[in-house]
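# Working through the structure, step by step
Okay, here's what each chain looks like letter by letter:
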2 protein chains.
Amino acid sequence: MIAEIVAVGSELVSGQALDTNSQWLSRALGSLGISVHYHTSIGDDLAENIAAIRIACDRADLVITSGGLGPTQDDLTREALAAVAGVSLVEHADSLAAIAAMFARRNRSMADRNRVQALLPTGSAALPNSCGTAPGIWMNVGRSRVACLPGVPNEMKVMFDEQVVPRLRDLGAGGRVIVHRKINLFGRGEADVEAQALDLTARGRRPEVGITVSEATIAFRIIGEGATEAEALAQIEPTAEAIYERFGPLIVGEGTDDVVHSLLRELAKAGTTIAVAESCTGGLIAHWITEIPGSSETFPGGVVSYSNQAKIDILGVPAELIAAHGAVSPEVAEAMAQGVRERFHAGIGISVTGIAGPGGGSQAKPVGLVYLGIATAESVDSRKLELGPEQPRGVIQRRAAKYAMNWARLRLQGVV
Amino acid sequence: MIAEIVAVGSELVSGQALDTNSQWLSRALGSLGISVHYHTSIGDDLAENIAAIRIACDRADLVITSGGLGPTQDDLTREALAAVAGVSLVEHADSLAAIAAMFARRNRSMADRNRVQALLPTGSAALPNSCGTAPGIWMNVGRSRVACLPGVPNEMKVMFDEQVVPRLRDLGAGGRVIVHRKINLFGRGEADVEAQALDLTARGRRPEVGITVSEATIAFRIIGEGATEAEALAQIEPTAEAIYERFGPLIVGEGTDDVVHSLLRELAKAGTTIAVAESCTGGLIAHWITEIPGSSETFPGGVVSYSNQAKIDILGVPAELIAAHGAVSPEVAEAMAQGVRERFHAGIGISVTGIAGPGGGSQAKPVGLVYLGIATAESVDSRKLELGPEQPRGVIQRRAAKYAMNWARLRLQGVV
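Keep in mind it's a predicted model, so treat the numbers as computed, not measured.

### Notes on the overall build of chain A
Assigned secondary structure in chain A consists of 15 helices and 17 strands. Scaling as 2.2 N^0.38, a compact globule of 416 residues should have a C-alpha radius of gyration of about 22 Å, whereas chain A reaches 29 Å, well beyond that. A principal-axis box enclosing the C-alpha atoms of chain A has dimensions of 85 × 50 × 40 Å. Among the 416 residues that make up chain A, the fraction classed as buried is 55%. A separation of at least 24 residues holds for 67% of the contacts in chain A among residues at least 6 apart in sequence. About 16,100 Å² of surface is accessible on chain A, with carbon and sulfur atoms providing 50% of the total. Across chain A, the 37 positively charged side chains and the 46 negatively charged ones have centroids separated by 1 Å.

Put into structure tokens, the structure is as follows:
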């Protein structure tokens with residue numbers, strides 16, 4: 001069963017509002033084993049509503065619309081659906097009574113305009129609305145089942161759960177369960193990773209595997225299907241194992257886990273702590289760490305040593321070192337890492353010093369040049385990154401922060 | 001000119017990811033006077049890509065796609081567009097050279113898979129990508145202009161601004177101009193602000209004024225229209241003046257400006273600097289400040305003193321003070337502000353100490369209890385915030401950070 005979701009509202013296509021209903025419906029349908037292939041958004045225009053619903057009924061077995069069921073003149077879904085089905089609108093007595101009762105319960109008088117909400121295409125069924133005025137619509141149009149739901153997210157969700165799900169189950173949906181698993185990697189390029197996984201990402205393979213990248217973190221998304229959730233998860237398992245085997249140390253976690261989560265886990269496992277000295281990342285690493293509840297266990301704190309004087313005064317970087325090599329140098333990165341480790345009595349100290357741009361670059365030290373430092377009780381080390389020069393400041397800061405945390409994580413794992 | 005936006009990616013139609021690109025593009029096109037009538041999302045399936053792009057070219061004068069330009073097997077936009085146009089793909093030498101140069105600049109070897117990113121439909125033009133590998137595509141297909149952009153939001157936005165906007169202007173877009181002006185306030189509740197602006201936000205008023213709130217920053221959005229940008233801006237002007245008159249000191253700026261931008265402006269104006277001592281905000285203030293290019297002029301740095309020991313060792317907070325009052329207290333907030341001001345030789349020191357939750361709260365000191373400190377050459381002061389206990393950690397951190405910066409900004413303005 002292929003589904004399409006049609007979201008109606010001029011505020012959506014104009015960009016004044018963000019459509020989140022379609023995402024919610026996709027997930028809800030996915031968990032019933034129904035695969036959504038299309039999302040369409042249209043404004044409050046009758047001809048365009050008719051055309052879009054016609055296209056949807058043409059290419060999908062199930063069409064779910066949200067929005068356009070209110071009492072105002074720009075609520076056109078009822079009319080558009082009737083036009084696509086080639087029928088007229090008739091007043092639905094039970095729905096009218098339900099709308100009147102709803103107003104009575106709230107001690108408000110019902111406006112005449114609200115009567116239109118009880119108009120339904122001939123041959124359709126009303127979907128009762130337990131938390132608003134407008135009923136939804138359930139109708140067969142050609143090969144397609146169409147469900148029209150309100151646009152208010154809360155009403156839409158309740159109506160979907162109460163009214164649409166049972167009808168989809170009657171149609172035999174929910175026999176199949178679709179599950180997703182997302183495995184996240186950091187530290188190598190997308191093309192490189194895919195070159196090592198062409199067999200897994202091949203088109204038509206079951207389970208399906210996709211690759212996406214976000215802020216240099218690469219995600220494998222595996223989609224499994226089965227009669228039960230357990231069966232769907234079992235279908236995924238060997239593929240997940242293959243990914244873990246091939247990319248082991250690159251993997252930072254699953255779902256929403258990223259480098260920072262992996263770092264905190266490794267710190268807890270090793271029973272140690274980390275302190276951070278940040279120049280060009282300006283507190284971003286500390287912020288990411290302290291976003292996570294309980295991070296105080298492994299994070300005593302950090303210093304944002306933006307000025308050279310702060311590097312000298314607070315971190316104890318020798319002024320001569322900065323004079324000789326510049327603040328953006330492996331020598332200063334190492335001294336910063338050592339300094340912050342000592343001052344915070346931490347197991348590991350890491351540091352970032354670089355040029356995030358857009359200003360401050362030179363021929364010798366261009367925007368995007370970053371040095372990372374890492375200090376432990378046994379050793380101190382530094383590493384060079386070239387993240388620019390064409391990247392915006394924010395991208396350079398976020399990548400530098402991730403690479404620094406990734407280095408510490410790999411060091412804790414004994415990989416580097 | 002009617003436009004359609006086509007977002008490509010299985011993660012969108014499956015509901016695993018939320019499509020925000022289409023909203024951004026709708027707004028950007030709207031500001032050029034181009035009206036978006038349709039949004040379509042499709043998965044990584046060639047036949048469905050071809051069909052959807054064909055429908056879009058049929059009903060819209062301008063089609064903008066995002067996504068599907070990467071190097072992997074599920075990146076199908078190039079192929080789909082060529083199929084719709086009835087042409088083959090050819091290697092574009094300049095684009096291949098640009099991709100190779102990008103890898104060279106980063107000292108990384110180019111994977112063979114990346115070559116496919118230089119394949120473009122015959123008869124199309126490449127849109128150079130100044131911050132990623134994949135070039136975009138610009139092409140006439142029947143009556144429509146088609147622009148294919150990357151799916152990574154940052155690359156998409158830069159390519160739209162740099163490459164698509166000038167081409168749309170060449171086509172005469174921007175005939176009737178719609179402009180938005182967004183005036184941002186901080187420091188008072190939304191209902192309070194709205195009660196003072198009922199005449200401005202009345203329905204049907206021209207220009208239209210809306211109020212939105214995001215992370216406790218309240219925005220007035222004024223929408224003006226005119227034959228020229230100047231005319232549209234002139235329509236807005238008296239309304240903007242009325243807002244400035246009524247809300248003067250609350251206003252932090254326009255557009256994307258927030259408290260941090262206002263703070264940096266006030267620091268520059270006063271020719272002074274600020275240092276920050278952060279406990280529960282964990283580096284967020286420093287991160288927000290250093291996100292802004294040029295902030296090093298007014299920001300020598302800060303300390304994330306997450307542990308008590310760090311407050312004592314790095315900031316010089318007396319251990320007895322913490323023992324007597326606890327780390328979350330006005331006394332410690334003041335000592336932190338003084339300590340960080342001195343250590344960084346700054347004009348102003350500010351501090352945040354509190355309980356961000358979800359753990360760590362008590363009857364006497366619940367989650368959301370936060371003390372701010374501010375120290376100048378003349379005085380030191382503290383302030384209590386109650387931001388919880390029902391709010392999530394991230395909200396408490398962000399509000400505390402904003403209130404701290406707002407206090408410093410108002411102090412610099414001489415308001416408090």
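### Section: the sheet that holds strand β9 (residues 177-186) of chain B
Adjacent strands of a sheet pair through backbone hydrogen bonds, lying either parallel or antiparallel. All names here are of chain B. Strand order in the open sheet formed by 4 strands is β10-β11-β9-β12, with antiparallel pairing between adjacent strands. Strands with a single pairing partner mark the edges of an open sheet, and in this sheet they are β10 (208-214) and β12 (251-254). The mean inter-strand angle of the sheet, taken between neighbouring strand axes irrespective of direction, is 25°. Against the sheet, helix α15 (residues 393-413) touches β9, β10, β11 (217-226) and β12, its axis set at about 85° to β9.

### Focus on the sheet that holds strand β10 (residues 208-214) of chain A
All names here are of chain A. Spatial ordering of the open sheet is given by β10-β11-β9-β12, a layout of 4 strands whose pairing is antiparallel. Because the sheet does not close on itself, it has two edges, and the strands there are β10 and β12 (251-254). Taken over all neighbouring pairs, the strand axes of this sheet differ in orientation by 25° on average, direction set aside. Direction of pairing for β10 relative to strand β11 (residues 217-226): antiparallel, over a ladder of 7 bridges.

### Overview of the pattern of salt bridges
Residues and elements named next belong to chain B. Enumeration according to the criterion identifies 23 salt bridges over all chains in this entry. One salt bridge in this structure joins R181 and E237, with 2.9 Å as the shortest N-O distance. Residue R181 is found in strand β9, and its partner E237 is found in helix α9 (residues 229-247); the two are separated by 56 residues along the sequence. D258 is the partner of K402 in a salt bridge, and the nearest nitrogen-oxygen pair spans 3.0 Å. Taken as a pair, K402 in helix α15 and D258 in the loop between β12 and α10 (259-270) lie far apart in primary sequence, 144 residues in all. For the pair K402 and D258, one class covers both residues: buried.

### Points about the environment of G361 of chain B
Residue and element names in this part refer to chain B. In this structure, G361 sits in the loop between β15 (348-354) and β16 (369-375). For G361, a relative accessible area of 41% puts it in the partly exposed group. Apart from residues lying up to four places away in sequence, G361 is in contact with I355, P366 and V367.

### What to know about the interface of chain A and chain B
Contact residues are listed per partner, giving 76 residues for chain A and 75 residues for chain B. Buried area between chain A and chain B, both sides added, is near 6,000 Å², and the carbon and sulfur share of it is 52%. Considering only the surface of chain A that becomes buried against chain B, R203, Y306 and E390 of chain A emerge as the three largest contributors, covering 9% of it. R105 of chain B is the partner of E390 of chain A in a salt bridge, and the nearest nitrogen-oxygen pair spans 3.3 Å.

### Points about the domain arrangement of chain A
For chain A, the domain assignment lists domain 1 (2-170), domain 2 (177-254) and domain 3 (259-413). Domain 1 of chain A and domain 3 of chain A are separated by 53 Å when their C-alpha centres are compared.

### Concerning the pairing of strand β7 (residues 136-141) of chain A
All names here are of chain A. Taking burial as the measure, the 6 residues of β7 include 5 buried ones, the bulk of the element. Sheet analysis places strand β6 (residues 125-127) next to β7, joined by 3 bridges and oriented antiparallel. Counterpart to L127 in the pairing with β7 is G136. Two elements, β7 and strand β8 (residues 144-149), share 5 bridges in a ladder whose sense is antiparallel. Bridge assignment links I137 to a residue of β8, and that residue is C148. Between β7 and β8, which pair antiparallel and follow one another directly, the connecting turn spans 2 residues, one of which, G142, has a positive phi of 60°.

### A short note on unusual backbone geometry
Residue and element names in this part refer to chain A. Cis geometry marks the peptide bond from R206 to P207, where omega comes out at -5°. In this fold, P207 is placed in the loop between α8 (198-201) and β10. The phi dihedral of H345 is positive, around 50°, even though this residue is not glycine. Within the secondary structure layout, H345 lies in the loop between α14 (330-343) and β15 (348-354).

The rules behind the values
- Residues numbered from 1 in each chain as written.
- Chains lettered and ligands numbered in written order.
- Predicted model: local features only at pLDDT ≥ 70, side-chain atom pairs only at ≥ 80, totals over all residues.
- Heavy atoms only, no water.
- Helix = DSSP H or I, 4+ residues; strand = E, 2+ residues; numbered from the N terminus.
- Rg over C-alpha atoms; globule rule 2.2 N^0.38 Å.
- Buried < 20%, exposed > 50% of the residue type's maximum accessible area, 1.4 Å probe, protein only.
- Contact = heavy atoms within 4.5 Å.
- Areas by Shrake-Rupley, 256 points an atom, 1.4 Å probe, with all protein chains shown as cover.
- Lys, Arg positive; Asp, Glu negative; His and termini not counted.
- Charge placed at Lys NZ, Arg CZ, Asp CG, Glu CD.
- Pairing = 2+ DSSP bridges.
- Axes fitted to C-alpha atoms, helices over the stretch in contact; angles between N-to-C directions.
- Salt bridge = Lys/Arg side-chain N within 4 Å of Asp/Glu carboxyl O.
- Buried area = accessible area lost by both parts, 1.4 Å probe.
- Domains from an automatic or database assignment.

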